[in-house]
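What the coordinates show
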Amino acid sequence: MQNISLNVLQLLPALEVGGVERGTLEIAKSLIINGHGSHVISAGGSMVKELEQDGSQHYELSIGKKSPFTFMQYRAIKKYILDHEINVLHVRSRMPAWVTYLAISSLSADKRPVLVSTVHGPYSVNFYSKIMMRSDRIIAISDYIKDYIMSNYPDIDKNKISLIHRGVDNHVYHPERATPDNWAPPWKSGVSSTTKIITLPGRITRWKGQADFVDIIHQLVNEGMDVHGVIAGGAEKRRQAFLSELKEKVNKLQLDKHVSFIGQRKDMQNIMQASDVVLSLAKIPEAFGRTALEALALGTHVVAYDHGGAHEVLSELFPAGLCEPNNLVDANAKIQFILNNNLSIKSNEKFTLQSMIERTLQLYKDAVYINSQGQ
């Protein structure tokens with residue numbers, strides 16, 4: 001079974017920046033390194049170049065829009081499967097899953113690839129979302145997501161579900177990592193070297209907690225703490241009004257000198273490593289706590305609302321940073337306690353990229369083997 005040759009096709013809406021997209025590239029690269037075939041279908045995006053440079057094939061197809069016309073793409077997907085002799089299909093989003101399911105529904109058993117789905121979030125519970133549960137194998141990216149699947153879809157075979165946590169590369173994210181000599185902090189000039197930097201990474205949107213962040217910085221400043229808040233994340237066109245609202249709030253609270261908006265960044269490792277505390281303030285539970293994990297792996301303390309994937313990450317690596325969700329007083333207290341005490345962070349051995357890759361490729365092999373036995 002270990003000699004099984006894989007030819008994997010991953011399908012997702014697009015290859016722009018994001019956790020789902022990054023995971024797709026990580027698996028694609030590992031397939032090539034291990035001598036397997038790697039293909040991706042998406043509407044394209046900024047990460048296609050990196051994908052192809054790593055050796056994978058990309059086929060551009062619009063499969064993410066919720067439109068009747070999207071279903072018509074099933075013919076192109078079916079042809080691609082047959083032309084490239086794909087033996088594993090890995091769907092990472094609902095609409096692509098629907099089109100893929102339609103594409104393979106008419107294939108004979110000897111031509112039908114194994115269908116794998118990754119549930120990347122707590123989707124709304126309905127018929128549309130249930131397509132992610134109709135796969136041969138289901139990957140849950142956290143205990144939180146596994147519980148979501150089992151609670152909301154009790155009729156599916158629980159043996160199909162595999163818990164495979166997301167992970168970071170410990171060769172890239174580690175406390176001894178050196179910040180480039182020519183790197184300069186992007187926050188406002190005039191910030192003292194003794195000022196504590198508190199950062200909230202994440203795209204600008206209400207549920208990511210930027211409004212809470214501004215209130216927390218306001219409380220800390222009012223209590224005499226020498227802190228500077230950094231909001232690191234870009235705002236899509238439809239979020240510009242909220243970004244303006246945040247800036248107005250900063251101005252109204254007279255925090256102009258204490259808060260920096262630095263936009264979307266490509267140097268987040270440097271920023272998190274230069275921070276004294278990174279916050280995770282998602283208003284609703286997140287499927288995983290990747291940003292919190294990255295910061296902790298770099299040796300930076302994290303304060304996070306105690307729910308979703310962040311609960312799992314911090315419970316394992318830094319439980320002192322967990323606070324009651326949406327409780328700004330508790331968050332404030334945890335930040336001050338961390339800043340005033342030399343607390344240790346547990347070494348990350350559980351949430352690693354290598355573990356995620358090894359377990360995913362093994363799942364592919366197991367599924368292909370079982371599929372071949374059933375033919």
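Residues numbered from 1 in each chain as written. Predicted model: local features only at pLDDT ≥ 70, side-chain atom pairs only at ≥ 80, totals over all residues. Heavy atoms only, no water.

1. Some remarks on the packing of aromatic side chains
Tallied over the full model, the rule gives five aromatic pairs. When the ring of Trp98 is compared with that of Phe127, the centres are 5.3 Å apart and the planes differ by 45°; the resulting orientation is tilted. With Trp98 in helix 5 (residues 94-104) and Phe127 in the loop between strand 5 (114-119) and strand 6 (137-140), this residue pair connects regions lying 29 residues apart in the sequence. Overall, Phe127 belongs to the exposed group, its relative accessible area being 62%. Here the aromatic rings of Phe288 and Phe351 are separated by 5.9 Å at their centres, their planes lie at 65°, and the arrangement is edge-to-face. One end of the pair, Phe288, is in the loop between strand 11 (277-280) and helix 10 (290-297); the other, Phe351, is in the loop between helix 12 (328-339) and helix 13 (353-374), with 63 residues separating them in the sequence. As far as the burial class goes, Phe288 and Phe351 line up, both buried. Taking the ring centre of Phe261 as reference, the NZ or CZ of Lys247 above it sits at 5.6 Å. (Phe/Tyr/Trp six-rings, centres within 6.5 Å; stacked < 30°, edge-to-face > 60°. Helix = DSSP H or I, 4+ residues; strand = E, 2+ residues; numbered from the N terminus. Buried < 20%, exposed > 50% of the residue type's maximum accessible area, 1.4 Å probe, protein only. Lys NZ or Arg CZ within 6 Å of the ring centre and 35° of its normal.)

2. So, the nonpolar core
Judged by nonpolar contacts, the single largest core of 90 residues is most densely connected at Ile77, Val119, Met133, Ile149 and Leu279. The element best represented in this core is helix 5, accounting for six residues. Residues Ile27, Val116, Ile357 and Leu361 belong to the second largest nonpolar core, which totals 18 residues. (Core = buried A, V, L, I, M, F, W, Y, C linked by side-chain atoms within 4.5 Å.)

3. With respect to the sheet that holds strand 11
Backbone-to-backbone hydrogen bonds join strands into a sheet, with any given pair of strands oriented parallel or antiparallel. With parallel pairing, the six strands of this open sheet are ordered in space as 10-9-8-11-12-13. What marks the edges here is a single partner per strand, and that holds for strand 10 (259-261) and strand 13 (322-323). Pairing of strand 8 (residues 196-201) with strand 9 (residues 227-232), which is carried by six bridges, proceeds in the parallel orientation. Residue pairing in the sheet places Leu200 in a bridge with Ile231 of strand 9. Across the sheet, helix 7 (residues 210-222) is in contact with strand 8, strand 9, strand 10, strand 11 and strand 12 (301-305); its angle to strand 9 comes to roughly 170°. (Pairing = 2+ DSSP bridges. Contact = heavy atoms within 4.5 Å. Axes fitted to C-alpha atoms, helices over the stretch in contact; angles between N-to-C directions.)

4. Some points on the pairing of strand 2 (residues 37-42)
Most of strand 2 is tucked away, with six of its six residues classed as buried. What you see with strand 2 is no split at all: Gly37, His39 and Ile41 on one side and Ser38, Val40 and Ser42 on the other are buried throughout. Judged from the five bridges that link them, strand 1 (residues 7-11) and strand 2 form a sheet pairing that is parallel. The residue of strand 2 that forms the bridge with Leu9 is His39. A crossover connection joins strand 1 to the parallel strand 2 through helix 1 (residues 19-33); in handedness this β-α-β unit is right-handed. Bridge count for strand 2 against strand 3 (residues 57-60) is four bridges, and the pairing is parallel. Bridge pairing in strand 3 links Ser42 to Glu60. In terms of handedness, the path from strand 2 via helix 2 (residues 48-53) over to strand 3 forms a crossover that is right-handed. (Right-handed = clockwise from strand over helix to strand, strands pointing away.)

5. Describing the side chain of His90
Among the structural elements, His90 can be located in strand 4 (residues 88-91). Under the relative-accessibility criterion, His90 is labelled buried at 1%. For His90, the residues in contact, after removing those within four places along its chain, are Leu9, Gln10, Leu11, Val116, Ser117, Thr118, Ile139 and Tyr364.

6. Topic: the sheet that holds strand 6
Taken together, seven strands build an open sheet; the order of strands is 3-2-1-4-5-6-7 and the sheet is parallel. The open sheet is flanked by strand 3 and strand 7 (161-163), the only strands paired with a single partner. Taking the axes of each pair of neighbouring strands and ignoring which way they run, one obtains an average angle of 20° across the sheet.

7. So, unusual backbone geometry
The backbone of Gln254 sits at a positive phi, close to 55°, despite the residue not being glycine. As for its position among the elements, Gln254 is in the loop between helix 8 (240-252) and strand 10. Judged by its relative accessible area of 68%, Gln254 is exposed. Although it is not a glycine, Asn326 sits at a positive phi angle of roughly 65°. Position of Asn326 among the secondary structure elements: in the loop between strand 13 and helix 12. Residue classification places Asn326 among the partly exposed positions, given a relative accessible area of 39%.

8. As for the pattern of salt bridges
Per the counting criterion, the structure on display carries 14 salt bridges. Between Arg22 and Glu50 there is a salt bridge, and its shortest N-O distance comes to 3.0 Å. Remark: Glu50 occurs in helix 2 and Arg22 occurs in helix 1; sequence separation between them is 28 residues. Looking at Arg22, the relative accessible area reads 28%, which means it is partly exposed. The class of Glu50 is partly exposed, set by a relative accessible area of 29%. Glu294 is paired through a salt bridge with Arg290; the nearest N and O atoms lie 3.2 Å apart. Of this pair, Glu294 and Arg290 both sit in helix 10, four residues apart, which is roughly one turn of that helix. In the salt-bridge network here, residues are joined through shared partners; they are Glu26, Arg290 and Glu294. (Salt bridge = Lys/Arg side-chain N within 4 Å of Asp/Glu carboxyl O.)

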